[in-house]
Number of protein chains: 2
Amino acid sequence: MAKIRVAINGYGNLGRGVETAVSQTDDLETVAVFTRRDPVTIRTGGAPAYSLGDIENFRGKIDVVVNCGGSATDLSEQTPAVAGAFNVVDSFDNHAHIPEHFEKVDAAARAAGTLALVSSGWDPGFFSLQRAFSQAFLPNGSTYTFWGPGLSQGHSDAVRRISGVARAVQYTLPVEENLARVLAGDNSEFSAAQMHRRQVFAVLDAAADPAAVREEICSMPDYFAPYETEVNFISAEEFERNHRGMPHGGHVVRTGETSAETKQVAHFELMLDSNPEFTGSVLAASARATARLAAEGMSGAITLFDVPVAKLLPDSAEDIRRNLL
Amino acid sequence: MAKIRVAINGYGNLGRGVETAVSQTDDLETVAVFTRRDPVTIRTGGAPAYSLGDIENFRGKIDVVVNCGGSATDLSEQTPAVAGAFNVVDSFDNHAHIPEHFEKVDAAARAAGTLALVSSGWDPGFFSLQRAFSQAFLPNGSTYTFWGPGLSQGHSDAVRRISGVARAVQYTLPVEENLARVLAGDNSEFSAAQMHRRQVFAVLDAAADPAAVREEICSMPDYFAPYETEVNFISAEEFERNHRGMPHGGHVVRTGETSAETKQVAHFELMLDSNPEFTGSVLAASARATARLAAEGMSGAITLFDVPVAKLLPDSAEDIRRNLL
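Residues numbered from 1 in each chain as written. Chains lettered and ligands numbered in written order. Predicted model: local features only at pLDDT ≥ 70, side-chain atom pairs only at ≥ 80, totals over all residues. Heavy atoms only, no water.

Participant: Explanation requested: the side chain of T172 of chain A in the structure shown.
Facilitator: Examined against the element boundaries, T172 of chain A turns out to sit in strand β9 (residues 165–174). Polar side-chain contacts of T172 of chain A include one of 3.3 Å to the side chain of Q170 of chain A. (Helix = DSSP H or I, 4+ residues; strand = E, 2+ residues; numbered from the N terminus. Polar contact = N/O pair within 3.5 Å; in protein donor to acceptor, adjacent residues only side chain to side chain.)

Right, dumping it as structure tokens:
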């Protein structure tokens, strides 16, 4: 059977993650990488690189484009544009703007007769599926999402902008005590700061004042001030050795009652050594499902909520039932 | 909007669980309970009870029948029969015979133009979804299912058949040490006995010999002999106080690598105070999805693998995206 022809649009960490994931399948192949940079400067894992401006020439040669733009800002422009000519998958993750993004992509995809699966990945994505299934199966209850331990790009950037900071990473950590309460069936409401704490590892310039930098981090509104924050100053060597990865993960917990005093708890946990590689892997499976559903005649915008899991797996329906049911 | 009319076929613990779950929704209603017993002996939570023999008279008055037969043996007969006239949901859970059951139900449902969702519940069901999604998103890896802590009806029955045993329950427990190894990324193979241990609480007749009963339990082939087994003899009072519930649960773990040495772990855990009530709640959501998909023209046999999660939830697509994505 012909492989599903995948194109990767944007070749940063996520694009590389998608390429690696596709290379581990038997039914997908990466036929092109598109970039806004000069394509000759791009070293892919094997697929040819092209200028994004040339993508229109690939009509009929690509089954699905995976948009790997580095930010929700990129995707809010690129996904509607690409959906005008190709089936497309993205990982748009600005939760507050998902409805608006969905509508814009839906209009473009409907007009073009293409299919666009938006906001895939792990959150939104696999975590969203957990929230949806557990609410469907336990309608009378509360859902909690705890993130971490995981690297937050936005918080790391905020620390790096402080004068005197040479390098920095910020890890978001779940407040284990409140996670344990929720898992034990406590369905109180918790604020973001009751669910998460923040841990910073920074390398300072020689002239920097550690106390002043610490104070500036901990008092930063929204980012750090409301949270319990731990700041560690380390050497460049230690930073290089221990803080170059992009781990992430977290917990989705649904607790509820099926009748008075009958407690039921569903708990999902992800522990990811590499956020972009796992997200890439979810996007690769999403590309498979999108190509298949488009081939069945589906068009417009969808999310993972609209995708039966059988469409995400390469196996036959019989094998899936036999091996996984 | 008219409610989805649900009928419950079989009124034991599971049937009551479905009725309770349906009563907690705004879009489903239980319009009939069918039983093989004399219907006047059945005290439902409100719905009228009828003899199963009369079910044919309800064509056009029921949107979906939930088969709650007490064993896979009941369901292997009842689900194909009911699918000949109605959309139907069951929780057929004899894993080895699922392919055969699926084929039989599929033939009956296709011939009648009905839709049959088989093998729903939590395992098979919610656990199966976890195995499928995590394999789709992490194709290069291993999946582990640990059951428990939970009451095993089959093992409890086996103990109760021993002479001298007045009452007994058996709990299946995960071997925590090996669960921890798997969660830490160890992808060794484990036997069933390396993954589970067994815990028995029994009330003895006055004349029984505890040592002999213990020996008979622990040496029972298949059921107990391969497992680490703990036997506790307790009073009737303690049994009544602590061992009348039907808790269950367990863990599905998928561990794998997205590239060399990059470990990713997905862990799902259920902790259920009441197995039949949670299963009933999953079946109620499954009934909703089945009625909707049938109304869209789908027929034949399906499993949860074929159902987008949006169909299981009562909310609008917009609300689901806004609140759960």
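Participant: I tried to follow the interface of chain A and chain B on my own but got confused; where do I start?
Facilitator: Accessible area lost upon the coming together of the parts is a frequently used measure of interface size. If you look at the interface, chain A gives 63 residues, while chain B gives 63 residues. By the criterion of area lost to chain B, the three top residues of chain A are F137, F305 and L325 of chain A, representing 16% of everything that side buries. Seen at the junction of chain A and chain B, the total is 0 salt bridges. Across the side of chain A that touches chain B, the residue classes tally to 33 nonpolar, 17 polar and 13 charged. Sheet topology note: the strand β13 (residues 262–272) of chain A/strand β13 (residues 262–272) of chain B ladder contains 9 bridges and is antiparallel. By the bridge assignment, L272 of chain A is partnered in β13 of chain B with Q264 of chain B. (Contact = heavy atoms within 4.5 Å. Buried area = accessible area lost by both parts, 1.4 Å probe. Salt bridge = Lys/Arg side-chain N within 4 Å of Asp/Glu carboxyl O. Nonpolar A, V, L, I, M, F, W, Y, C, P; charged D, E, K, R; others polar. Pairing = 2+ DSSP bridges.)

Participant: Is there a simple way to explain the domain arrangement of chain A in this structure?
Facilitator: All names here are of chain A. Looking at the assigned domains, one finds that chain A contains domain 1 (4–122 + 276–324) and domain 2 (126–273). Each of domain 1 and domain 2 has a C-alpha centre, and these two points are 28 Å apart. At the interface, 8 residues of domain 1 touch 12 residues of domain 2. Together, the buried faces of domain 1 and domain 2 total about 880 Å²; carbon and sulfur atoms form 77% of this surface. Area buried by domain 1 at its contact with domain 2 is led by W122, F278 and F305, which between them contribute 66% of it. Our count for the contact surface shared by domain 1 and domain 2 stands at 0 salt bridges. At the junction of domain 1 and domain 2, the tally comes to 3 residue pairs in polar contact (both at pLDDT 80 or more). Each residue belonging to the side of domain 1 that touches domain 2 can be placed in one class, and the counts come to 5 nonpolar, 3 polar and no charged. (Domains from an automatic or database assignment.)

Participant: Help me understand the pairing of strand β12 (residues 248–259) of chain B, please; the structure alone is not making it clear to me.
Facilitator: It is a general feature of regular strands that their side chains alternate between the two faces of the sheet. Residues and elements named next belong to chain B. For β12, a buried count of 11 out of 12 residues is recorded, marking the element as mostly surrounded by other parts of the structure. Of the strand pairs in this sheet, strand β7 (residues 141–147) and β12 are connected by 7 bridges, and their pairing is antiparallel. Across the sheet, the residue bridging to W147 is G250, located in β12. Summarising the sheet, β12 and β13 pair through 11 bridges and their orientation is antiparallel. (Buried < 20%, exposed > 50% of the residue type's maximum accessible area, 1.4 Å probe, protein only.)

Participant: Could you clarify how one ought to interpret the packing of helix α4 (residues 126–137) of chain A against helix α4 (residues 126–137) of chain B in this entry?
Facilitator: Between two packed helices, the angle of one axis relative to the other and the distance separating the axes together describe the packing. α4 of chain B packs onto α4 of chain A with a crossing angle of 170 degrees between their chain directions and a minimal axis gap of 12 Å. The pairing of α4 of chain A with α4 of chain B is recorded here as roughly antiparallel in orientation. Residues F126, L129, Q130, F133, S134 and F137 of chain A of α4 of chain A form the contact with α4 of chain B, whose participating residues are F126, L129, Q130, F133, S134 and F137 of chain B. Broken down by class, the residue content of the contact of α4 of chain A with α4 of chain B amounts to 8 nonpolar, 4 polar and no charged. (Axes fitted to C-alpha atoms, helices over the stretch in contact; angles between N-to-C directions. Parallel < 35°, antiparallel > 145°, perpendicular 65-115°, else oblique.)

Participant: Explain the packing of aromatic side chains to me, please; I cannot follow it from the model alone.
Facilitator: Note on aromatic pairs: each is described by the distance of the centres and the angle between the planes. Applying the stated criterion across every chain, the model contains 25 aromatic pairs over all chains. Arranged with centres 5.9 Å apart and planes meeting at 65 degrees, the rings of Y171 of chain A and F201 of chain A form a pair that is edge-to-face. In this pair, Y171 of chain A is assigned in strand β9 and F201 of chain A in strand β10 (residues 196–204), connecting sequence segments 30 residues apart. Residue Y171 of chain A shares its accessibility class with F201 of chain A, and that shared class is buried. Residue placement shows R321 of chain A over the ring face of F102 of chain B; its charged tip is 3.5 Å from the ring centre. Its guanidinium or amino end placed over the ring of Y227 of chain B, R198 of chain B lies 4.1 Å from that ring's centre, counting from NZ or CZ. (Phe/Tyr/Trp six-rings, centres within 6.5 Å; stacked < 30°, edge-to-face > 60°. Lys NZ or Arg CZ within 6 Å of the ring centre and 35° of its normal.)

Participant: Quick question: what am I supposed to make of the relation of the copies chain A and chain B here?
Facilitator: For the pair of chain copies, the relating operation is a rotation around an axis with a shift along it. Relative to chain B, chain A is turned by 180 degrees and slid 0.0 Å along the rotation axis, the superposed coordinates differing by an RMSD of 0.0 Å. Here the copies are linked by what is in effect a two-fold axis. Most of the interface of chain A is mirrored in chain B, where 100% of its interface residues are also at the interface. (Least-squares fit on C-alpha atoms with pLDDT ≥ 70 in both.)

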